[in-house]
Each structure stands twice: as C-alpha cells, then as structure tokens.
Amino acid sequence: MATEVSGPAKSTELWTRRHLLDLEHLEPWEIEAILDTASAFREVSERSRKKVPALQGKVVVNLFFEPSTRTRTSFSLAAKRLSADTVDFTVSSSSMAKGETFIDTAKNIEAMGVDIMVVRHQTPGTPHILARKLQCSVINAGDGGHEHPTQALLDVFTIREVKGRIRGLTVGLIGDIAHSRVARSNIWALKKLGAHVIVCGPPTLIPRSITKLDVEIAYSLDEILPRCDVLNVLRIQFERQRGGLFPSIQEYFALYGVTEERLRRAKDDVLLLAPGPINRGIELTPGVADGEHSAVLRQVTNGLAVRMAVLYLVSGGQPRSAAE
Amino acid sequence: MGTVVIRQGRVIDPSQGIDRVADLVIRDGVVLQIGPWDGPADLEIDAAGMIVAPGLIDMHVHFREPGNEQSETIATGAAAALAGGFTSVACMPNTEPAIDTREAAEFVYLQADRAGYCRVYPVGAVTKQRAGRELAEMGQLVEGGAVAFSDDGSPVESAEIMRRALQYTRMFDRAILNHPEVLDLTKGGVMNEGFTSMRLGLPGMPAVAEEIMVSRDILLAADTDGKLHLQHLSTAGSVELVRSAKRRGIRVTAEVCPHHLALTDEALESFDPVFKVNPPLRTRRDVDALIEGLCDGTIDVIASDHAPHAPALKELELDRAPFGMIGLETMLPICIKTLIEPGHLDWMELIRKLTINPARVLGIDRGTLRPGAEADVTVINPEVTWTIDPERFRSKSRNCPFAGWTVRGRAEYVFVAGELRYRAEAEPPQLAELKR
Ligand SMILES: [Zn+2]
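Within each chain, residues carry numbers counting from 1 in the order of the written sequence. Naming scheme: in the order in which they are written, chains are lettered from A and ligands are numbered from 1. With the structure being a predicted model, the display of local features is reserved for residues of pLDDT at least 70 and the display and counting of side-chain atom pairs for 80 or more, all residues being used for whole-chain, interface and lining totals. For side-chain calculations, the full set of non-hydrogen atoms in the structure is used, while hydrogens and water are omitted.

1. Re the nonpolar core
Part 1 of the argument: Counting residues in hydrophobic clusters, the biggest one holds 74 residues, and the most contacted among them are B:Val89, B:Val120, B:Leu230, B:Ile302, B:Leu339, B:Trp347 and B:Leu350.
Part 2 of the argument: Where each domain begins and ends follows an automated or database-derived domain assignment. Counting contributing residues per domain, this core is built from domain 1 (3-52 + 373-434) and domain 2 (55-362) of chain B, each supplying no fewer than three. Joining through side-chain atoms within 4.5 Å is the link that ties buried Ala, Val, Leu, Ile, Met, Phe, Trp, Tyr and Cys residues into a set, and such a set is a nonpolar core. Partly exposed describes any residue whose relative accessible area lies between the buried limit of under 20% and the exposed limit of over 50%, with all areas from a 1.4 Å probe on protein chains only and scaled to the type maximum.

The following block contains the structure:
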C-alpha cells in the first residue's frame, strides 16, 4: 500500500535529525520534507483504515509541564495512527517531588523505555536541554514564548494546501508577537519558504529587533489588510505577560479585533488562520472564526498529519517512504 | 617568620609605578625591599619569567555563609580566592541573615581567620535586612570592620535612602557600592533584552534599567559628595554616563566583571542557566564599550561578582534558576584572554585594576608592595596554558561559564602577610596533553 509522496522531495538529501526542537535551525528543504511527508499522511487519514505500522513497537510519551488538551490529543492520536504505544504525563510543578528538577522527572520517565518524548513546557529551551540530557528523541510541543514548531508547520501546511504555494505570499501575523511561540515558529518557516511576513500589533507587543528577521512591522491592521493573502490571528498570551501592555481588552479589540466588517477590506480569498484556543471576542469575532475565510478546523485536521510526519521522521523514517 | 626572597621576577606594582625585573624581599611578614638581595633567606622562590604583583583584590564576592552553606562557605570561598591569586576579597552582605549588624561583620572576620586562606572583608548592608527601608547601623558596622556598604543582590531602590546613605557615610569616608537596576523594568527578565532574547522568547532585562539608576546615583553623588561606587557595569550607556561624570569631577568609581567582557547574550542560545547572571550578559557593542572604559580609566576596578549556587539550583528551568556565576578561580586567565592578549591593557594597567584601585575604593591598606606594607604577594605565571575544569575548583559550587576553555596564566604562589598560603600544582595535568 505504497503512497507516493507528493511534491518535490529531494531524494539526495536524507533526513537525519533525531529531534525537532525549533524551526530556526531547520534548512528550507527539511521544512519541505516535513510538509511533503505530512501530505502523504494526510491521505492516510482519509482512508477508512487510518493506521500505518511505521512506529510499531515504539513508545511515544507526551510529557506536558503545561496543560494543553488540544496539542496533547493531536500528538497522541498521531502516534496511535503510526501504531506506537503512547503514554501521557501532565506534570505541574506542584506535583513534582520537592527538590526534583524537570530533568529528573524526564529521566525517570525515559527509563521506562521511551523512544520519543513530546515535551511542552512554559520555559523556553526546556526541550533543548532535555535533548542534551536524554537518549530518546525529543519533540518540542511548545516551549514558553520561544517556539511551537508543529503549530507553525501545520499553519504553513494549511496555507500551502489552500494557496498552492508559500513563496511570494504576504502573511500577516496579528497580535501578541512578543510573547508568542507560534509567531516565532511561523516567521522562521514562512521566511525560509519565501513568504513576506508582516507582524501587526501594538508596539508594546512587537519587539523592535524583530525587523532583523526581515519581517515588516505594522501598527495598523486596517492598513495592511488589503495586502495580506493570509492572516494568522494570534492569541493574547495573558499568562506570559507582565500586564499593562495595552490599556484594555476593549481597546485592543477596537484596534486589532478581526471582525466581519474589518474583513471586508481584505482580499476576497484571504485565508484566516487562528492557532490554538482563541479568546473569542478579543482577537476575532465568532462569526469570523466560523466564517468562509476561516481554516480553523482544517488546521486541526492538518495538525494530525503534520505531527505524524514529525514523529515518523525523528524516529528514522525517510520522506520518500512515508506511509508505506 | 624570617626572610623570603622572590628572585628575579618581573615586579609590577602600580601603586609605586614599578615594572622591572628584581628580587622582592619579605621579612617578618612585611615587604623589606625591591632590589638585589645577597643575605640569607629562609625561603627562596625562583620567579624568573613570572610576574610578581601585590596580592590581588576582588572587591565583589558572595560567600553564602551564613544561610546557604551548601553553595559556599567563607572557608571554601576564601580557598577559591587564594587559588585564583587573591589575597583580599570583600564579601557582599546578602547572606541569610544579612550582614547588617556589627556582630555579623565580626562573624565574617572570625570565620575568615579560622579558615586561614585569604583576607575577607565584610561589606555591610546599606539598609536593615537589606529591605531598603531604613539605614542599617552603619557606625556600628564600621566598628565591626565593614569596609563599605551595599545592598547588592538588590539595588538601593529608594532615591531618598540612597541620598541619605551617601550623606551619612561621609563621616566614615566609606563607599556605597550600588547594584544599579530599576527593578520595575527588569521584573521577570532572565537575560539582556534585545535581538537574542526576542529570538529565544526569553523575557528581557533592558539596558536602560541599569542606565537609569547609574545616572540617578551619579546625580545623588554630585548632590551629596558621598563616595559612590557602581557595581558590575554591563552596558555601553553606563560607561558613557560614568565617563562624563568623572569629567565633571564627580566622585564616582566603577567596576566590571570578567564574564561581561568574555561573553555576550548569545551564550543563552544554549538555554543553559549557567549563563544566567545579573546584570545579564549583553551584546558585542556593550562588551567593546566596557573594554574601552577600562582602557581610558572610566572603569577603575575588575571584580568577579563570584556568585556560587549549588548544582541542583542551576539544574532548574531558566526562569526558576538563580542569577549568578562563580569567577574567583577563572578571573585572572579570563582577564588575560580578554584584555592582555588582544592588547587592550598592559600588565601594569590590569594589575592596577586588581590591586591598588579596589584597595582605594575600599579604603584598605592593601594592594601595594611599598616597603613596610604587609607582604600580600601574588606570583603570576603568565604563560602556562591550562583547561578550565570546574570539578577541580576549591569553590563549593560549579556554576562556571568557562568550563572547557583553554586559557593562559594562573597564580603560581600566593603570600598573605609574608606567609606562603598557596602554591599551584607542579604542572597542570592538562598541559601535558596539550604538548602531545
Ligand atoms: Zn549585584
């Protein structure tokens, strides 16, 4: 039951990474390899029998130091579709024994015979440290305000699926850029694949140094709307902020809330993405979230395929043979 | 104690402007002369090819006693200091409890005497319990031997308290050593705010948080004519502020730490908490400005800000791990690497910032080889190459950011009051490997 990989997979360049920690350090072809592999798995998910044996006998652990039902469920299901055994651990700092570090916790879990550890943590770099301390593969499922590679990959995958390409598109990332791991990972992926990126929000939520990543800064959503092919509406990270970064939610909504009315200024075929649990009525209206431009549910479906691809590749699979 | 002769070393004593190859003669614990000696000697040291300097002084260390002895004690800290070539250190009062009373200051002397390594001078707290609300009993602290005042670990936040402290200490001519940081602006931060912190998604501590307090303190020093010393300057803006203050004749001195010369905020790309320090590692531009400040005399002193933390604490997540790195046992070679090797400072200037300058800020009669002075002497081997291995440190802690670095130079012999207290191992084992 071989399924050919769609797209231009480069047979000469073989995937060698054992971890997926961030997108900053991936080569463009590696990002494309993940997307191509995900395309193959996307087809699997449309079959009646949704399982492939790629990770049979392997153990995938979700080690979540920060609660997240959606990402964890998506990884779990992705691992199960690859026939892996999966275990979920959600650890709060209060449930860790006194004097036990996150490294101890992870080592203890690894000792149960883990092949891939999917790590979510509120502190940047935690997956990177674990990748150095553990033997198993580590996948970053979101580390503080740093990166959320699989979220950005599924965003980019969705854009490519709908628009047919990434290169040359203008993508607006709207909102809390400063505290958003989704923003960082999206910027890396989009820039590497040739998109033009505009970050848009109040100056208190946009670090000025971000221009060094060759992105455009804009403070007026209304001004940039007509230029954007894609809008990715980020969640305000109340939990990561010190507060006082904007005067009120009402004012934020007035300036940056994506409403039906505002969307009329956008291109007819503008694609609207929104990662993760959005604060309805703050970043966008329910009508927009469920409206014709929205790809919110498609993102969830694609998330599964992208996570299957990542699990498969870090476990030693090659892009060409995916889904065999 | 008899006579000690350190033969034919290059004697460098900035306090007297001496830089020449000579014998240094110590008799009964004090410097007798710098010059040829044919008389009898109880101990002779061949210092050919070595530098003979006044005992080095580190005016900014944290020994964790009392309160956090698992990280460092006065004894282990003093042993580390000695091995690093330091004969005198000034320890900050942010212990638990804080050094804010006469008895607490006397306790530091007692423990240092018991340990018998180097001299340890207590710095008294500016405010009671370092709480920033009322002045500590500074007169009593001076009676107990406090050489200066600081709430280090924290800034003296209140401008009113800082102003009163600078006024009050005029009667003792003791310096206020301030840690310049506006806490409002750094809350929650773990590293320098800038391009790197943005990339890593780590909360930043902006340079302006330091610079605002540097300029406040300079204005208060001008207003009070108090004796102000600014600790661990880390930004280009701070250097410029101190430079112009000195030009205007304001009484202010300043220090930098070797890690702020040797590392930049890009070290945090590893996410390793060993690089988490306050003030944070800054940018290349800041490093260059600090070096420029050392070269033109804007910055008077190099100090380690030796801040030991037991290993388990640095295994925590970056945001939970404490700030600080140890530095006593790497200070000399890191200064050589960052300042001597690239030709920024000559030995005379480097030694000045490690001896007579800190002695003057602290008002202690150290840092000189003048005849009659107590013979604190550091004999430096400037050429020996070795690899930094924190496991071999005398310090109780291992939070050294330079592990694995190959460096040049170390203290070979260290005398305190004429007594040979430290001698480096015959040959560092790593050297043999390098030769192969
Ligand atoms: Zn400090």
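2. Overview of a nonpolar patch on the surface
All names here are of chain B.
Part 1 of the argument: Patch membership is restricted to residues that have no salt bridge and whose relative accessible area is over 30%. Joining uses 9 Å for like charges and 5 Å for the nonpolar side chains Val, Leu, Ile, Met, Phe, Trp and Tyr. The Shrake-Rupley method, run with a 1.4 Å probe sphere, supplies the accessible areas, and residue values consider only the shown protein chains as cover. When a carboxyl oxygen of Asp or Glu is within 4 Å of a side-chain nitrogen of Lys or Arg, the pair counts as a salt bridge. Taken together, Leu 185, Val 208 and Ile 212 make up a surface patch of nonpolar side chains, about 210 Å² in accessible area.
Part 2 of the argument: Mapped onto the secondary structure, Ile 212 falls in helix H7 (residues 207-224).
Part 3 of the argument: Take Ile 212: its relative accessible area is 40%, and that puts it in the partly exposed class. Helix numbering and strand numbering both begin at the N terminus, where a helix is a DSSP run of H or I of at least 4 residues and a strand a DSSP run of E of at least 2.

3. Quick look at the side chain of A:Thr126
Part 1 of the argument: Locating A:Thr126 in the fold gives a position in helix H4 (residues 126-133).
Part 2 of the argument: Residues within four places of A:Thr126 in sequence aside, it is in contact with A:Phe102, A:His121 and B:Glu317. Contacts are assigned to residue pairs with any non-hydrogen atoms lying within 4.5 Å of each other.

4. Thoughts on the interface of chain A and chain B
Part 1 of the argument: Chain A puts 23 residues into the contact, and the matching count from chain B is 20 residues.
Part 2 of the argument: Two parts placed together each lose some accessible area; with a 1.4 Å probe, that loss summed over both constitutes the buried area. At the boundary of chain A with chain B, total buried surface from both sides reaches about 1,800 Å², with 57% on carbon and sulfur atoms.
Part 3 of the argument: For the interface between chain A and chain B, the tally reads two salt bridges.
Part 4 of the argument: With its nearest N and O atoms 2.3 Å apart, the salt bridge here joins A:Glu24 to B:Arg199.
Part 5 of the argument: Pairs of N or O atoms are called polar contacts if they sit within 3.5 Å, as long as, within protein, a hydrogen donor faces a hydrogen acceptor (for residues adjacent in sequence, only side-chain-to-side-chain pairs). Between chain A and chain B we count five residue pairs in polar contact (both at pLDDT 80 or more) in total.
Part 6 of the argument: Of all the secondary-structure elements, those providing two or more residues to the side of chain A that touches chain B are helix H3 (102-110), H4 and helix H6 (181-192) of chain A.

5. Digging into the domain arrangement of chain A
One frequent convention defines the size of an interface as the accessible area lost when the parts assemble.
All names here are of chain A.
Part 1 of the argument: Annotation of chain A at the domain level lists domain 1 (28-145 + 302-314) and domain 2 (149-300).
Part 2 of the argument: Computed from C-alpha coordinates alone, the two centres of domain 1 and domain 2 are separated by 25 Å.
Part 3 of the argument: Summed over the shared surface of domain 1 and domain 2, the number is three salt bridges.
Part 4 of the argument: Salt-bridge contacts for Arg 42 lead to Glu 161; the nearest nitrogen and oxygen are separated by 2.6 Å.
Part 5 of the argument: Summed over the shared surface of domain 1 and domain 2, the result is 15 residue pairs in polar contact (both at pLDDT 80 or more).
Part 6 of the argument: When contributions to the side of domain 1 that touches domain 2 are tallied by element, the ones reaching two or more residues are helix H1 (28-44), helix H2 (69-81), strand E3 (116-121), strand E4 (137-143) and helix H11 (296-314).

6. Brief notes about the domain arrangement of chain B
Residues and elements named next belong to chain B.
Part 1 of the argument: Assigned domains within chain B: domain 1 (3-52 + 373-434) and domain 2 (55-362).
Part 2 of the argument: Put simply, the middle of domain 1 and the middle of domain 2, counted by C-alpha atoms, are 25 Å apart.
Part 3 of the argument: Across the boundary between the two partners, domain 1 contributes 40 residues, which contact 48 residues of domain 2.
Part 4 of the argument: Taking both partners together, domain 1 and domain 2 bury about 3,500 Å²; carbon and sulfur atoms supply 66% of that area.
Part 5 of the argument: Considering only the surface of domain 1 that becomes buried against domain 2, Pro 14, Lys 396 and Asn 399 emerge as the three largest contributors, covering 20% of it.
Part 6 of the argument: Run the count over domain 1 and domain 2 and you get three salt bridges.
Part 7 of the argument: A salt bridge links Arg 408 to Glu 341, with the nearest nitrogen and oxygen atoms 2.8 Å apart.
Part 8 of the argument: Elements with a contribution of two residues or more to the side of domain 1 that touches domain 2: strand E1 (3-13), strand E2 (18-27), strand E16 (377-387), strand E17 (406-416) and strand E18 (419-423).
Part 9 of the argument: With nine residues, the top contributor of residues to the side of domain 1 that touches domain 2 is E17.

7. Let's talk about the pattern of salt bridges
Oppositely charged side chains can form a pair if their charged atoms are brought close together.
Part 1 of the argument: Overall, the coordinates contain 40 salt bridges over all chains when judged by the stated rule.
Part 2 of the argument: Here A:Asp222 ties to A:Arg262 by a salt bridge, and the two come within 2.8 Å at their closest N and O atoms. Taken as a pair, A:Asp222 in helix H7 (residues 221-224) and A:Arg262 in helix H9 (residues 260-263) lie far apart in primary sequence, 40 residues in all.
Part 3 of the argument: A:Asp222 sits in the partly exposed class, given a relative accessible area of 27%.
Part 4 of the argument: Given a relative accessible area of 13%, A:Arg262 falls into the buried group.
Part 5 of the argument: Between B:Lys128 and B:Glu134 there is a salt bridge, with the nearest N and O atoms lying 3.6 Å from each other.
Part 6 of the argument: Since its relative accessible area comes to 34%, B:Lys128 is described here as partly exposed.
Part 7 of the argument: Residue B:Glu134 is classed as partly exposed on the basis of its relative accessible area, which comes to 47%.
Part 8 of the argument: Sharing partners across several salt bridges, the network here consists of B:Arg119, B:Arg366, B:Glu374 and B:Asp376.

8. A short note on the pairing of strand E5 (residues 170-174) of chain A
Residues and elements named next belong to chain A.
Part 1 of the argument: The element E5 is extensively covered by neighbouring structure, given that five of its five residues are classed as buried.
Part 2 of the argument: Where burial is concerned, the two faces of E5 agree: the one with Thr 170, Gly 172 and Ile 174 and the one with Val 171 and Leu 173 are both buried.
Part 3 of the argument: Note that E5 and strand E6 (residues 196-200) share five bridges and pair parallel. Note that in E6 the partner of Thr 170 across the bridge is His 196.
Part 4 of the argument: In this description, strands pair whenever DSSP reports at least two bridges between them. Across four bridges, E5 lies against strand E8 (residues 230-233) in parallel orientation. Bridged to Val 171 within E8 is Val 230.

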